[in-house]
Amino acid sequence: MKKLKNARVIPSTIVMACIALIVVDCVFLSRMHNLGIDPLLGAPEPKATVQKISGGRGSTGKIVPSPVCHPHWDVAVSKDSGGSEILNDLSWGANLPIKRIFFYHVRKAGGTTVEKYLKTVTTHYGIEYKEIEHGHAATEEVGSRNDTIYVTNLRDPVERSISHFKYEGRWSCKGRDGELMNRSFIPTKENARPFENWTHTQGFYPSPCDKPFYFGILLYPIIHREGCTSDDWITEYHLALNRLRRYNIIISLEQIKDPRYREAVEDFFGVKGFGGNLRQWCGPESKAANKKVPLLTDPSVVSRLTRLNKMDYRLYRELTSCWDNDDQSEVHYSFPRANASRFVTK
């Protein structure tokens, strides 16, 4: 073979060194993945089991596990009034009477299943049931009443957004005049709204500063009044995390598929009947339409949604990472059982 003029021969030792570096990088990235560290986003926050529950960022409080993995029956007792937006000086009571359950319902995160079950629980014990669905102003701060058990639900933010699009984004479900509620309507690829336009934290419509979805519902009215972030949502992140940590139990949609998790939730409340398929408004129609015209997700749109939901995903991982080190087939749900004597009928 004729050698190229001025060609330089790379010593074999350098070639081997380059190969070794590539192997090391691959091993390093693999280890980062196994540890739950995204090379682009950096390391996750510390484990949820060592975070403090407190009034505001930087204040002290009781160290509690994540209410996703380790729910509890303690009720918060605050020196603040029930109308306070940020509760401080929280203490916790383990034996106070329970008169009601408050459910903050996050849409497209298993909320209908949770709602039906909690109504069964409150009927069983003869106590009050209160529910607020996201999109409505929260009239009660989490932890503001010491006779109440606070419940909410959670889902992977990007999966929740895509599910929301499939449910009422591709074709309208709103009102009885919605497309999918019209029996003569035939869903097609041509009359479907494009997934490519679902690129905001509020779906088709941009929100101020593209605020994170969960922040918008968890921090109302604070986040609406104060406008855009001044520190890349870090302050709002800690406010949202503080509020989530005051719930007694946060039900994870991803775990509902596990029958052992459903049984653990039933043991927690002391009432059977959690789970199962429920008929929700426009649910069968939406499911049939998406089956007829399957959604093909554009990776670039998913990537955009992932970036938009970065802080929401950080919240989600903060609260659910307590199961990371468990073999999924051997996850232990250490949920305490309800003490029926604490319930006081309304």
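Up top is the structure.
For every chain, the first residue of the written sequence is number 1, and numbering continues from 1 onward in sequence order. Local features in this predicted model are restricted to residues of pLDDT 70 or higher, and side-chain atom pairs are both shown and tallied only at a pLDDT of 80 or more, whereas totals for entire chains, interfaces and linings draw on every residue. The side-chain figures draw on all heavy atoms in the structure; neither hydrogens nor water molecules are used.

Caption draft 1: Here's a closer look at the nonpolar core. In plain words, nonpolar cores are sets of buried Ala, Val, Leu, Ile, Met, Phe, Trp, Tyr and Cys residues tied together by side-chain atoms within 4.5 Å. Note on classification: 1.4 Å probe, protein chains only; a residue is buried when its accessible area is under 20% of the maximum for its type, exposed when over 50%, partly exposed between these limits. Ranked by internal contacts, the top residues of the largest apolar core, which has 52 residues, are L118, V151, I251, Y261 and F269. Among the secondary structure elements, those contributing two or more residues to this core are β5 (100-105), α2 (111-125), β6 (128-133), β7 (148-154), α6 (234-244), β8 (249-252), α8 (259-269) and α11 (310-320). Sequence-distant contacts of I251, that is, excluding residues within four places in its chain, are made with V114, V151, T152, N153, L154, I256, Y261, V265 and F274. Only DSSP runs of H or I reaching four residues or more are called helices, and only runs of E reaching two or more are called strands; each is numbered from the N terminus. Note on contacts: a residue pair is in contact if any heavy atoms of the two residues lie within 4.5 Å.

Caption draft 2: Broad picture of the environment of I186. Turning to its location among the elements, I186 is positioned in the loop between α3 (157-168) and α4 (213-218). Judged by relative accessible area, which is 54%, I186 ranks as exposed. Between the C-alpha atoms of I186 and K292, which are 106 residues apart in sequence, the distance is 9.6 Å. Excluding residues within four positions of it along the chain, I186 makes contact with N191 and K292.

Caption draft 3: Structural context of the sheet that holds β8. Strand pairing is defined by DSSP finding a minimum of two bridges between the two strands. Spatially, four strands are ordered β6-β5-β7-β8 in an open sheet, and the strand pairing comes out parallel. Edge positions in the open sheet fall to β6 and β8, since each of these has one partner strand only. The average angle at which neighbouring strand axes cross in this sheet is 20°, direction not considered. Note that β5 and β6 share six bridges and pair parallel. Its bridge partner lying in β6, I101 is registered against Y129. Lines fitted to C-alpha atoms define the axes, with helix axes restricted to the stretch in contact, and inter-axis angles between N-to-C directions lie between 0 and 180 degrees.

Caption draft 4: Expanded view of the state of the cysteines. A pair of cysteine sulfur atoms is labelled a disulfide when the two atoms are within 2.5 Å. Tallying each qualifying case throughout the model produces one disulfide. Across the disulfide, C69 is cross-linked to C322 (sulfur-sulfur distance 1.9 Å). The disulfide joining C69 to C322 has a torsion of about 80° about its S-S bond and is therefore right-handed. Taken together, the residues C69 in the loop between β2 (62-63) and β3 (75-77) and C322 in the segment after α11 connect sequence positions 253 residues apart. Classification of C69 by relative accessible area gives buried; the value is 1%. Given the relative accessible area of 18%, C322 is considered buried.

Caption draft 5: The arrangement of the packing of aromatic side chains in detail. Each Phe, Tyr or Trp ring, with Trp reduced to its six-membered ring, pairs with another whose centre is within 6.5 Å; inter-plane angles below 30 degrees give stacked pairs, above 60 give edge-to-face pairs, and intermediate values give tilted ones. Enumeration over the complete set of coordinates arrives at 15 aromatic pairs. Between W73 and F268 the ring centres are 4.5 Å apart and the planes differ by 20°, which places this aromatic pair in the stacked class. Placement of the pair is W73 in the loop between β2 and β3 and F268 in helix α8, with a sequence separation of 195 residues. Judged by its relative accessible area of 8%, W73 falls in the buried class. Judged by centre distance (5.8 Å) and plane angle (75°), the ring pair of Y117 and F269 falls under edge-to-face. With a gap of 152 residues between them, Y117 in helix α2 and F269 in helix α8 connect regions that are remote in the sequence. One exposure class covers both Y117 and F269, and it is buried. Among the aromatic residues, those joined into a ring-pair cluster are W73, Y117, Y125, Y261, F268, F269, F274, Y333, F335 and F343. Geometrically, a charge over a ring is one whose NZ (Lys) or CZ (Arg) sits within 6 Å of the ring centre while staying within 35 degrees of the ring normal. The ring of Y237 is capped by R314, whose NZ or CZ atom sits 4.2 Å from the centre of that ring.

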